[in-house]
Amino acid sequence: DAVSSCSQARDLFGTLETLYDYIGSSKKRVGLYSASQRKIYPGKPLRRLKRVDTTRWTSHSAAFCTVFDTYDSIIDILEDLQHDSDRISSVKASSLINYLLSERFILTGFIFKQIFELTSPLTKFLQGVNIDLLGASEYVKLILEKIHTFRSEHQFKKLVEDKNTFIASKANELSFTPLSLNRIRKKKMPGENIADEQISCPIKNFQVNTYYTIIDIVNTQIVEQFNDQSTPLYKDISLFQEKRLKKVAEQSNLPTDAFDGFEMVYGKFVKADDLRQKIHKTDDIDEEIETSDNTENDIDPEDLDLATNQGNISTVFKVCHQNDLKEVFPSIYIALCICLTLPVSSSSPEEPFLN
């Protein structure tokens, strides 16, 4: 995954986890961290370091953002803890501060900062209740287009400029270790006469082996989840959502390729032609949904508006099941059963980036 795609990414999130354990395992160090925040960020809420959970993309974002937002406080207490009478604590503090005061930490951090800023809203959207699957597909497409723009010389230069600006803002107080080139000695294989060409410039090496690697992995992870096979399926599933059913019933406006993606995956159980024919005749379902909506008097008006606008595949299925519409719309009923077994149609789908 993206957070383990290269040595710099592993060092970044490995250090964040080490920092969490180091400060969080001692009440004294937690107290120092809080006191430093009160001094450096007066009037702002106290932050707590977050654990880097290996299965959640959002946990990596939260852990990183907390460290970056309280960077000065963390450096402040680590400088003090370097002189701790406990030699183990002192060594750990020195190791942590050496990494945090390095250009490679700042550069790698800025890479993930721009990725998190772009993808975190998407992960929250995908975890929403009754999400608009058609809108989700378009949202993912937009995110992919923006990620593609990251993989450019111009965008990397901007990243380096941001790094330089950040370091310059701390120049009066802190000193950062310049980016260096770690040479990896590789054993020649039998019959190999020419060694791989080494990149001598540290910045160029970082660009090729870290920046592009991370961007490519993120792009690949999204494409694997939203590809030419799955995206048409998601769009077809969105046609079973309440607001889509109503729109089709009112306007008789159905794409000519509707349910082709569904048939491509589940053609053994249901055919696209059957679904296209039946979806135009769902007035009975719409009427039952309207009746069901009108009986929800205990729902907050704002929540009711959201539920009415977004619709829920499980609601449509429930209406079909309770009103014996299974025999009237057998193809639609089978398709709804399939939809309800997919994570994309549940109320809390997982993010695609890490899992």
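Reading guide: rules and limits
Residues numbered from 1 in each chain as written. Predicted model: local features only at pLDDT ≥ 70, side-chain atom pairs only at ≥ 80, totals over all residues. Heavy atoms only, no water. Phe/Tyr/Trp six-rings, centres within 6.5 Å; stacked < 30°, edge-to-face > 60°. Helix = DSSP H or I, 4+ residues; strand = E, 2+ residues; numbered from the N terminus. Buried < 20%, exposed > 50% of the residue type's maximum accessible area, 1.4 Å probe, protein only. Salt bridge = Lys/Arg side-chain N within 4 Å of Asp/Glu carboxyl O.

### Some points on the packing of aromatic side chains
Evaluation of the coordinates by the stated rule reveals 16 aromatic pairs. Pairing Phe13 with Phe116 gives two aromatic rings, centres 6.4 Å apart and planes at 80°, and the pair type is edge-to-face. One end of the pair, Phe13, is in helix α1 (residues 7–24); the other, Phe116, is in helix α6 (residues 103–126), with 103 residues separating them in the sequence. No difference in accessibility class separates Phe13 from Phe116, as the two residues are buried. Summarising the aromatic geometry, the rings of Phe110 and Phe166 are spaced 5.9 Å apart at their centres and angled 80° between planes, so their arrangement reads as edge-to-face.

### Side note on the pattern of salt bridges
Applying the stated criterion across every chain, the model contains twelve salt bridges. Salt-bridge contacts for Arg51 lead to Asp21; the nearest nitrogen and oxygen are separated by 3.4 Å. Residue Arg51 is found in the loop between α2 (27–40) and α3 (57–69), and its partner Asp21 is found in helix α1; the two are separated by 30 residues along the sequence. On the basis of relative accessible area, Asp21 is assigned to the partly exposed category, the value being 35%. For the salt bridge of Glu117 with Lys113, the shortest nitrogen-to-oxygen distance reads 2.8 Å. Here Glu117 pairs with Lys113, and both are found in helix α6, just four residues apart, close to one helical turn. The exposure class of Glu117 is exposed, given its relative accessible area of 52%. Here Lys113 falls in the partly exposed class, since its relative accessible area comes to 32%. By sharing partners, the salt bridges in this structure join Glu17, Asp21 and Arg51 into a single network.

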